[in-house]
Amino acid sequence: MDPVHVLWIGGATGAGKTSISRALAYRYDLQLYNVDHRTFDHVSRVRVPPDLNWDLPPPVLADRFVEYSRNRFELVLEDLAALPASPGAIADGPFLLPSLVPAGGAAVFLVPGEERIRATGAERGQREVVVERNLVLAERIASAAETAGLPVLPVDRGLEEMTERVEALLAPAVAGLPRGGDLAAVRRFENDVLAEQVRLYRASGEAPPGSPPLLFACECGRSGCAEEIELTLEDYLRVSAGADRSPLRRPRS
């Protein structure tokens, strides 16, 4: 995959990046690359591990986040290079900073306001210093994107309307992406990546107990299919180990 054939959706935490990227990837039959689904794989590969010292001031934590993002972006490019050349792809995640967008790449950055960032922090149980760091990052992302001439969208509408706004901005770039390829295989690979992320998360000892269901992409291979299938990790691994993947395909209506 050539990075020029990737659409980049970045921005601050709680902006809806993943939901919007998924909606557009399914709508236009594109590959979906979610940086957060590679977290534990990247931890084992990154050359400089993240500094988890949360006793530092928020601006310093923001500096550390940017430094780690740059190191991790090398792995993002390695991952993308290993993807099929077609169809094109959408990549999303908080580590995709404006300064990292490859030359010629199309990008959109989503920046929620303070109230939304604080609400997201409360929902996720984040420490106050993490929330304050995220506020600093939001300001820096917006400023850096504007300086680079990349579009910035304030997250001030519902998810459906925000998706439409991102779609409108990226429409010219979408039209120029390569198409075709084995869509069923594309979705299967994305499902395998998600399953591996959750497996490694549990193996790390950081995951809470239990086996909550996960949302996997339908592997029917039909153009425009946006169906998702709810399975536990254990159920998905059992399906993957067998020859019959029909539980991951919605029947045609």
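Visitor: I would appreciate a short explanation of the confidence of the model for the chain in the present structure.
Guide: The predicted structure's coordinates, where accompanied by low pLDDT, should not be read in detail. When pLDDT is averaged along the chain, the result is 93; 99% of the residues meet or exceed 70. Element-level mean pLDDT values for the chain span from 91 in helix α2 (residues 39-45) up to 98 in strand β2 (residues 31-34).

Visitor: Help me out: how do you make sense of the side chain of T232 in this one?
Guide: Note that T232 resides in the loop between β7 (228-231) and α8 (233-241). A polar contact is formed between the side chain of T232 and the backbone nitrogen of D235, at a distance of 3.1 Å. Contact partners of T232, with chain neighbours within four places excluded, come to S211, P212, P213 and F216.

Visitor: How should the packing of helix α4 (residues 114-124) against helix α5 (residues 128-147) be read in this particular structure?
Guide: Axes are the key here: two packed helices are described by the angle between their axes and the distance separating the axes. At a closest axis distance of 10 Å, the pairing of α4 and α5 adopts a crossing angle of 145°. For the element pair α4 and α5, the recorded crossing hand is right-handed. Contact with α4, carried on its side by E114, I117, R118 and G121, involves E128, V131, E132, N134, L135 and A138 of α5 and no other residues of that element. Looking at the contact of α4 with α5 residue by residue, the class counts come to four nonpolar, two polar and four charged.

Visitor: It is not clear to me how empty space enclosed by the protein should be interpreted in this structure. Could you clarify?
Guide: Summary: where empty space remains is shown by rolling a probe the size of a single water molecule over the atoms. In this structure the tally under the stated criterion is one cavity of 30 Å³ or more. In terms of lining residues, the largest cavity is bounded by L183, R187, C218, C220, G221, R222 and C225. Split by residue class, the lining of the largest cavity holds four nonpolar, one polar and two charged.

Visitor: Quick question: what am I supposed to make of the layout of surface pockets here?
Guide: Roughly 150 Å³ of internal volume is contained in the second largest pocket. Forming the boundary of the second largest pocket are V198, Y201, R202, A207, P208, P209, G210, P212 and L214. At three residues, helix α7 (residues 183-203) tops the list of elements feeding residues into the lining of the second largest pocket. Tallied by class, the residues present in the lining of the second largest pocket amount to seven nonpolar, one polar and one charged.

Visitor: Could you clarify how one ought to interpret the nonpolar core in this entry?
Guide: A general tendency of soluble globular proteins is for nonpolar side chains to be buried together. Among the nonpolar cores identified, the biggest contains 35 residues, and V6, W8, V76, L80, L96 and F109 are the most heavily contacted of them. Per element, the largest residue contribution to this core is eight residues, and it comes from helix α3 (residues 58-81). If you look at the next biggest cluster of nonpolar residues, it comprises 18 residues, including L7, L24, I90 and V166.

Visitor: Is there a simple way to explain the side chain of R245 in this structure?
Guide: Considering the arrangement of structural elements, one finds R245 in the segment after α8. Owing to a relative accessible area of 7%, R245 belongs among the buried residues under this scheme. Within the structure, the side chain of R245 is placed 3.4 Å from the side chain of S240, a separation counted as a polar contact. Once residues within four sequence positions are removed from consideration, R245 is found in contact with R188, D192, E219, Y236, V239 and S240.

Visitor: Please explain the pairing of strand β3 (residues 89-92) as it appears in this structure.
Guide: Consecutive side chains along a regular strand alternate between the two faces of the sheet. With burial as the criterion, each face of β3 is covered, one bearing A89 and A91 and the other bearing I90 and D92. Sheet topology note: the strand β1 (residues 6-11)/β3 ladder contains four bridges and is parallel. Pairing of V6 across the sheet is with A89, part of β3. When β2 meets β3, the two strands line up parallel, connected through four bridges. Of the residues in β3, the one forming a bridge with Y33 is A91.

Visitor: I tried to follow the pattern of salt bridges on my own but got confused; where do I start?
Guide: Side chains carrying opposite charge are able to pair once their charged atoms draw close together. Enumeration according to the criterion identifies 19 salt bridges in this entry. Of the charged contacts, one joins E167 and R27 as a salt bridge, the two residues approaching to 2.7 Å between their closest N and O atoms. Placement of the pair is E167 in helix α6 (residues 159-175) and R27 in helix α1 (residues 17-27), with a sequence separation of 140 residues. For E167, a relative accessible area of 18% corresponds to the buried category. Overall, R27 belongs to the partly exposed group, its relative accessible area being 41%. Between R238 and D235 there is a salt bridge, and its shortest N-O distance comes to 2.1 Å. Of this pair, R238 and D235 are both found in helix α8, three residues apart, which corresponds to roughly one turn of the helix.

Calculation notes
- Every chain is numbered independently, its residues counted from 1 as its sequence is written.
- Local features in this predicted model are restricted to residues of pLDDT 70 or higher, and side-chain atom pairs are both shown and tallied only at a pLDDT of 80 or more, whereas totals for entire chains, interfaces and linings draw on every residue.
- Side-chain descriptors were evaluated using all non-hydrogen atoms of the structure, hydrogens and water having been removed beforehand.
- A score between 0 and 100, pLDDT records how confident the predictor is in each residue.
- Per the convention used, a helix needs a DSSP run of H or I reaching at least four residues, while a strand needs a run of E reaching at least two, with both numbered from the N terminus.
- In the analysis that follows, any N or O atom pair within 3.5 Å is treated as a polar contact, provided that within protein one partner can donate a hydrogen and the other can accept it, and provided that, for residues neighboring in sequence, both atoms belong to side chains.
- Residue contacts are counted whenever heavy atoms from the two residues lie within 4.5 Å of one another.
- Note on geometry: axes are lines fitted to C-alpha atoms, helical ones only across the stretch in contact, with angles between N-to-C directions running from 0 to 180 degrees.
- In this scheme the crossing of two helices becomes right-handed for a clockwise turn of the near helix relative to the far one and left-handed for an anticlockwise turn of less than a right angle.
- For this classification, the nonpolar set comprises Ala, Val, Leu, Ile, Met, Phe, Trp, Tyr, Cys and Pro, the charged set comprises Asp, Glu, Lys and Arg, and every other residue, Gly included, is treated as polar.
- We place a 1 Å grid over just the protein atoms. Points where a 1.4 Å probe fits but has no way out form a cavity, open points with protein on both sides within 12 Å along at least 5 of 7 lines form a pocket, and any residue with an atom within 4 Å of a point lines it.
- Grid points are joined across faces, edges and corners, and a volume is the space filled by probe spheres set on the points.
- To form a nonpolar core, buried Ala, Val, Leu, Ile, Met, Phe, Trp, Tyr and Cys residues must be joined to one another through side-chain atoms within 4.5 Å.
- When accessible area is computed with a 1.4 Å probe and restricted to protein chains, residues below 20% of their type maximum are described as buried, those above 50% as exposed, and intermediate ones as partly exposed.
- Strands are treated as partners if at least two bridges between them are detected by DSSP.
- The salt bridge criterion pairs a side-chain nitrogen of Lys or Arg with a carboxyl oxygen of Asp or Glu, the two atoms within 4 Å.

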